Amino acid sequence: MDTMLLNSSRPLQYYVIARRWSSDLEFFRLESGFLQRLLDRYMSRLQGHSQFGKLVKAGEDLQELERMVDGDLLDRQLTQLELMAEDVIPEDADALTEVQVKLERLMSKLTQRFREVKQEVYALVLEAPDIDILL
């Protein structure tokens, strides 16, 4: 796709944005996994401590975020844009825009909520009593 040109600038813009989102989702999955392992290690050492319930809630929030990720929708959008660039299928601006707006809302909500959960996890870890945790 890198050497192909799309027929109009809108699909090209959508493609660039969708590729960035794909990269963001890959990083989100990696970082989310790290945070979940961090929480798991703290939870196993803080059972019965006052922070335990908050750690469990933060873990549930991370799992909720992972369920929000719709990689299939993003992959389908990228595939459609690539097929249009190769003139395999005709350009359908309305359908592209509809999916792009949906993806924009999803990514915005996911990013905002992930920041909140990440800050919560960091605060809990920093407030936790000193325990020996090796990552």
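Refer to the structure above for everything that follows.
Engineer: Which residues make up the packing of helix H1 (residues 9–45) against helix H3 (residues 71–85), and what values go with them?
Structural biologist: Angle between the axes and distance between the axes are the two parameters that describe a pair of packed helices. Packing of H1 against H3 leaves a shortest axis separation of 10 Å and a crossing angle of 150 degrees. When the axes of H1 and H3 are compared, the pair comes out roughly antiparallel. In this structure, H1 meets H3 at a crossing whose hand is left-handed. Touching Pro11, Tyr14, Tyr15, Ala18, Arg19, Trp21, Ser22, Leu25 and Arg29 of H1 are Gly71, Leu74, Gln77, Leu78, Leu81 and Glu82, all from H3. Residue composition of the contact of H1 with H3, by class: nine nonpolar, three polar and three charged.

Engineer: Lay out the pattern of salt bridges with the relevant residues and their values.
Structural biologist: Between side chains of opposite charge, a pair can form when the charged atoms approach closely. Inspection of every chain in the model, using the stated rule, returns four salt bridges. Between Lys118 and Glu31 there is a salt bridge, with its nearest N and O atoms 2.6 Å apart. Here the residue Lys118 occupies a position in helix H4 (residues 93–127), and Glu31 occupies one in helix H1, the gap between them amounting to 87 residues. Residue classification places Glu31 among the buried positions, given a relative accessible area of 13%.

Engineer: Help me get a handle on H4, residues and values and all.
Structural biologist: When the terminal C-alpha atoms of H4 are compared, their 50 Å separation across 35 residues agrees well with the 51 Å that a helix rising 1.5 Å per residue should span. Those residues of H4 lying buried are Leu96, Gln100, Leu103, Leu106, Met107, Leu110, Phe114, Val117, Val121, Leu124 and Val125. Lining the buried residues of H4 we find H1, helix H2 (52–68) and H3.

Engineer: Account for the nonpolar core, naming residues and giving values.
Structural biologist: Soluble globular proteins tend to bury their nonpolar side chains together. Counting residues in each nonpolar core, the largest one holds 34 residues, and the members touching the most others are Leu39, Tyr42, Leu55, Leu65, Leu74, Leu110 and Val121. Counting residues per element, the ones that place at least two in this core are H1, H2, H3 and H4. Here this core gets 11 residues from one element, more than from any other, and that element is H1. Ignoring anything within four residues of it in the chain, the contact list for Leu74 reads Ala18, Trp21, Ser22, Leu25 and Leu103.

Engineer: Please give an account of H3 that cites residues and values.
Structural biologist: Relative to the 21 Å expected for 15 residues at 1.5 Å per residue, H3 spans 21 Å between its end C-alpha atoms, a close match to the ideal helical length. For H3, the set of buried residues is Gly71, Leu73, Leu74, Gln77, Leu78, Leu81, Met84 and Ala85. An end-on view of H3 places all buried positions within 165 degrees of arc, on one side of the element. On its buried face, H3 sits against H1 and H4. Among the residues trailing H3, Asp87 stands out with phi positive, at a value near 60 degrees.

Definitions and cut-offs
- Within every chain, residues take consecutive numbers counted from 1 along the sequence as written.
- Two thresholds apply to this predicted model, a pLDDT of at least 70 for residue-level local features and 80 or more for giving and counting side-chain atom pairs, whereas whole-chain, interface and lining totals are computed over all residues.
- Water and hydrogen atoms were dropped before computing side-chain values, which therefore reflect all heavy atoms in the structure.
- Comment: axis = line fitted to C-alpha atoms, over the contacting stretch for helices; angle = value between 0 and 180 degrees taken between N-to-C directions.
- A helix here means a DSSP run of H or I that spans at least four residues, while a strand means a run of E at least two residues long, and both kinds are numbered starting from the N terminus.
- In what follows, roughly perpendicular refers to angles from 65 to 115 degrees, roughly parallel to angles under 35, roughly antiparallel to angles over 145, and oblique to any angle outside these ranges.
- Here a crossing is taken to be left-handed if its near helix is turned anticlockwise relative to the far helix by less than a right angle, and right-handed if that turn runs clockwise.
- The contact criterion used throughout is that any non-hydrogen atoms of two residues lie within 4.5 Å.
- Nonpolar residues are Ala, Val, Leu, Ile, Met, Phe, Trp, Tyr, Cys and Pro. Charged residues are Asp, Glu, Lys and Arg, and all others, Gly as well, are polar.
- We define a salt bridge as a contact between a side-chain nitrogen of Lys or Arg and a carboxyl oxygen of Asp or Glu at a distance within 4 Å.
- Only protein chains enter the area calculation, which uses a 1.4 Å probe; residues under 20% of their type maximum are buried, those over 50% are exposed, and those in between are partly exposed.
- One less than the number of residues in a helix, times 1.5 Å, gives the span that helix is expected to have.
- Among buried residues, the Ala, Val, Leu, Ile, Met, Phe, Trp, Tyr and Cys ones that are joined through side-chain atoms within 4.5 Å form a nonpolar core.
- The arc in question is the one traced by the directions running from the helix axis out to the C-beta atoms.

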